[in-house]
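Structural characterization, general
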Amino acid sequence: MSVSGAKNHALKIFAASVLFSGPVRIGNVPLIEDIFRMSELVSGLGIKVRKTGGHIFEINADTLNKTILDSEIASRFRASVVLIGPLLTRLGRVSLPHPGGCVIGERPIDFFIEGLAKMGANFKNKGNHYFFEAKNLIGADFTFRNPSVTATETLMMAAVFAKGKTVLRNAACEPEVEALAKFLNDGGAKIYGAGAHTMRIDGIGKKNFLKQKNPLAVIPDRIETGSFLILGALAAGPSGIKIKNCEPTHLASLISHLESAGVSIEKGPSWLKVSRTKALKATHLKTREYPGFATDLQAPFVVFLTQAKGESLVHETIFEGRLEYVSDLNRMGAKITLCDPHRALILGPSSLTGREMESPDLRAGLAFVIAALVAKGRSIIHNVYQVDRGYERIEEKLKKLGADIKRI
Ligand code: EPU
């Protein structure tokens with residue numbers, strides 16, 4: 001199977017196009033619901049978005065003429081929040097509702113507010129609606145209390161046209177952040193150190209809009225790659241699953257956890273091959289910022305651990321509401337004890353039985369799909385909009401691998 005482009009890279013490229021003059025061409029864009037919502041959101045700002053080929057989009061922000069994000073659309077996905085940075089620096093103002101997305105914890109935006117205030121922006125809110133204004137943003141030295149992916153991306157983009165130098169400390173190092181910086185630099189931005197915890201952005205002034213020089217392909221989705229590795233280890237047919245068009249170096253932590261549980265994985269430069277492993281061993285897991293174990297792979301990995309012999313402790317350190325789905329796995333026959341909102345103890349192996357379930361968010365939704373494929377009997381999963389938010393035609397990819405799945 002072939003991996004799609006990364007949701008959390010593609011969405012930020014759509015937002016970054018605000019900083020460009022002339023067309024921006026993006027290849028390998030995943031055709032998923034969050035991308036469709038982002039297209040609608042930026043189109044509502046006057047930006048032209050065209051799908052010019054299978055997975056190719058062309059965006060032109062020369063016609064951008066609005067700064068108010070549509071509340072209904074913006075409140076449906078978290079990535080809407082990164083538009084604050086480019087809109088504020090290009091047009092001097094932006095207003096938006098509290099960004100939506102997966103219900104996996106509180107997901108505040110205090111780092112955005114504090115960082116932008118340090119760069120000279122004024123902020124006010126009316127209930128859950130936010131207003132930012134800045135005639136001219138100025139460079140600042142800002143330290144994140146925790147590394148935040150979307151806050152790092154937002155401040156990085158806000159700093160591109162700011163006056164002077166911005167230093168972001170304890171910044172997020174996720175591959176999607178680094179890839180976004182590379183795209184901005186290719187267009188003329190001066191960002192140094194993206195992919196490390198301290199980065200510097202030398203503002204280039206507002207008169208110099210960015211210009212795309214080279215074609216851009218969205219990087220492979222590491223969460224989709226990881227989910228298929230997990231599925232393969234649990235349920236691949238006799239010839240295993242080969243995952244193509246992926247970036248194995250982005251999966252180092254998951255691969256190390258799978259290997260410690262007894263799974264063997266063959267690695268190539270842009271592919272991975274995994275076989276079904278019968279005697280899985282329990283292993284402990286703590287989610288961490290990149291390059292640690294991705295919180296977005298925690299739910300599929302918990303499904304994996306229900307099939308491993310022994311006791312595994314999973315500690316979700318990033319979000320406080322990202323283990324609630326375990327009650328559904330228990331209804332399927334798993335033996336998982338929720339110690340507190342951040343920790344779950346899994347006793348395995350347990351035999352799972354199909355059930356009817358509701359996807360609480362996109363990653364847990366996919367974990368349910370994996371659990372359903374491992375389980376005996378039939379499962380029905382509702383609210384698949386959540387799964388479609390992040391995975392392109394998942395049932396078709398699974399069917400090609402031999403899964404018995406259909407969309408009803
Ligand atoms: N945080 C704050 N204040 C802020 C911002 C974040 O306290 O102003 C906290 C969060 O509450 C959390 C931690 O910082 O405890 C890290 O959250 P982060 O901001 O990094 O998460 P995010 O940027 O909202 C992105 C991805 C998530 C992914 C996380 C962590 C996007 C659109 N979303 O979210 O992806 O789980 O980083 O890697 O990039 C998903 O794709 O399913 C998804 C949830």
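Worth saying up front: this structure is predicted, and the values here are computed from it rather than measured.

**What about the pattern of salt bridges?**
Two side chains that carry opposite charge are able to pair once their charged atoms sit near each other. Inspection of the entire model under this criterion finds 23 salt bridges. For R389, the salt bridge goes to D34, with nearest N and O atoms at 2.8 Å. Separated by 355 residues along the polypeptide, R389 in the loop between helix 13 (385-388) and helix 14 (394-400) and D34 in helix 2 (residues 33-43) bring together distant segments of the chain. Each of the two residues, R389 as well as D34, counts as buried. Two residues, E395 and R407, come together in a salt bridge whose shortest N-O distance is 2.8 Å. Within this pair, whereas E395 is found in helix 14, its partner R407 is found in the segment after helix 14, the two being separated by twelve residues in sequence. Here E395 falls in the buried class, since its relative accessible area comes to 11%. Overlapping salt bridges bring together K7, D34 and R389 as one network.

**As for the site of the ligand**
In the vicinity of the ligand there are 23 residues, among which D110, S148, T150, D296 and I318 approach most closely. Between the ligand and N8, the relevant distance is 3.1 Å, taken from an oxygen atom to a side-chain nitrogen or oxygen of the residue. Contact between the ligand and R78: an oxygen atom at 2.9 Å from a side-chain N or O atom of the residue. Across the complex, the protein chains shield 91% of the 820 Å² of accessible surface that the ligand would expose by itself. Those elements that provide at least two residues to the shell around the ligand are helix 1 (7-16), helix 5 (110-118), helix 6 (149-159) and helix 12 (362-374). Residue composition of the shell around the ligand, grouped by class: eleven nonpolar, four polar and eight charged.

**What about helix 9 (residues 252-260)?**
When helix 9 is considered as a whole, its buried residues turn out to be S253, L254, I255, H257 and L258. Buried residues along helix 9 sit in contact with helix 8 (222-235), strand 13 (265-267), strand 14 (271-274), strand 15 (285-286) and helix 10 (298-305).

**Quick notes on the environment of E320**
Along the chain, E320 falls in the loop between strand 16 (310-315) and helix 11 (326-331). Classification of E320 by relative accessible area gives partly exposed; the value is 35%.

**Structural notes on the sheet that holds strand 10 (residues 199-202)**
Pairing is mixed across the open sheet formed by four strands, whose spatial order is 7-8-10-9. At either end of the open sheet lies a strand with only one pairing partner, and these are strand 7 (141-143) and strand 9 (191-192).

**What to know about the environment of I191**
Examined against the element boundaries, I191 turns out to sit in strand 9. You can call I191 buried: its relative accessible area is 6%. Taking the C-alpha atoms as reference points, I191 and E58, 133 residues apart in sequence, are found 24 Å from one another. In this view, I191 contacts M156, V160, A181, L184, N185, M199, R200 and I201; residues no more than four positions away in its chain are not counted.

**As for the sheet that holds strand 6 (residues 129-133)**
Read across the open sheet, the three strands follow the order 4-6-5; overall the sheet is antiparallel. Looking at the sheet topology across the chains shown, the edges are occupied by strand 4 (93-97) and strand 5 (122-126). Across the sheet, the axes of successive neighbouring strands diverge by a mean angle of 15°, strand direction being ignored. Of the strand pairs in this sheet, strand 5 and strand 6 are connected by five bridges, and their pairing is antiparallel.

**Re the packing of helix 1 against helix 7 (residues 175-186)**
Relative placement of two packed helices is described by the angle separating their axes and the distance separating the axes. With their axes 9 Å apart at the nearest point, helix 1 and helix 7 run at an angle of 35° to one another. Considering how the two elements wind past one another, helix 1 and helix 7 form a crossing that is right-handed. Residues N8, H9, K12, I13 and A16 of helix 1 pack against E176, A179, L180, F183 and L184 of helix 7. Residues belonging to the contact of helix 1 with helix 7 are distributed by class as follows: six nonpolar, two polar and two charged.

**Observations concerning the pairing of strand 16**
Within a regular strand, side chains alternate between the sheet's two faces. Here strand 15 pairs with strand 16 via two bridges, running parallel. Counterpart to L285 in the pairing with strand 16 is V314. Handedness of the strand 15-helix 10-strand 16 crossover: right-handed.

**As for helix 1**
Burial runs high along helix 1: nine of the ten residues are buried. Those residues of helix 1 that sit buried are K7, H9, A10, L11, K12, I13, F14, A15 and A16.

**Description of the pairing of strand 14**
Residues L272 and V274 point to one face of strand 14 and are all buried, whereas W271 and K273, pointing to the other face, are not buried. Pairing of strand 12 (residues 241-244) with strand 14, which is carried by four bridges, proceeds in the antiparallel orientation. In the strand pairing of strand 14, K244 is matched with W271. Connecting the antiparallel pair strand 13 and strand 14 is a turn made up of three residues.

Rules used throughout
Residues numbered from 1 in each chain as written. Predicted model: local features only at pLDDT ≥ 70, side-chain atom pairs only at ≥ 80, totals over all residues. Heavy atoms only, no water. Salt bridge = Lys/Arg side-chain N within 4 Å of Asp/Glu carboxyl O. Helix = DSSP H or I, 4+ residues; strand = E, 2+ residues; numbered from the N terminus. Buried < 20%, exposed > 50% of the residue type's maximum accessible area, 1.4 Å probe, protein only. Near = heavy atom within 4 Å. Polar contact = N/O pair within 3.5 Å; in protein donor to acceptor, adjacent residues only side chain to side chain. Areas by Shrake-Rupley, 256 points an atom, 1.4 Å probe, with all protein chains shown as cover. Nonpolar A, V, L, I, M, F, W, Y, C, P; charged D, E, K, R; others polar. Contact = heavy atoms within 4.5 Å. Pairing = 2+ DSSP bridges. Axes fitted to C-alpha atoms, helices over the stretch in contact; angles between N-to-C directions. Left-handed = near helix turned anticlockwise from the far one by under 90°. Right-handed = clockwise from strand over helix to strand, strands pointing away.

In short, the description is geometric, and any link to function would need to be established separately.
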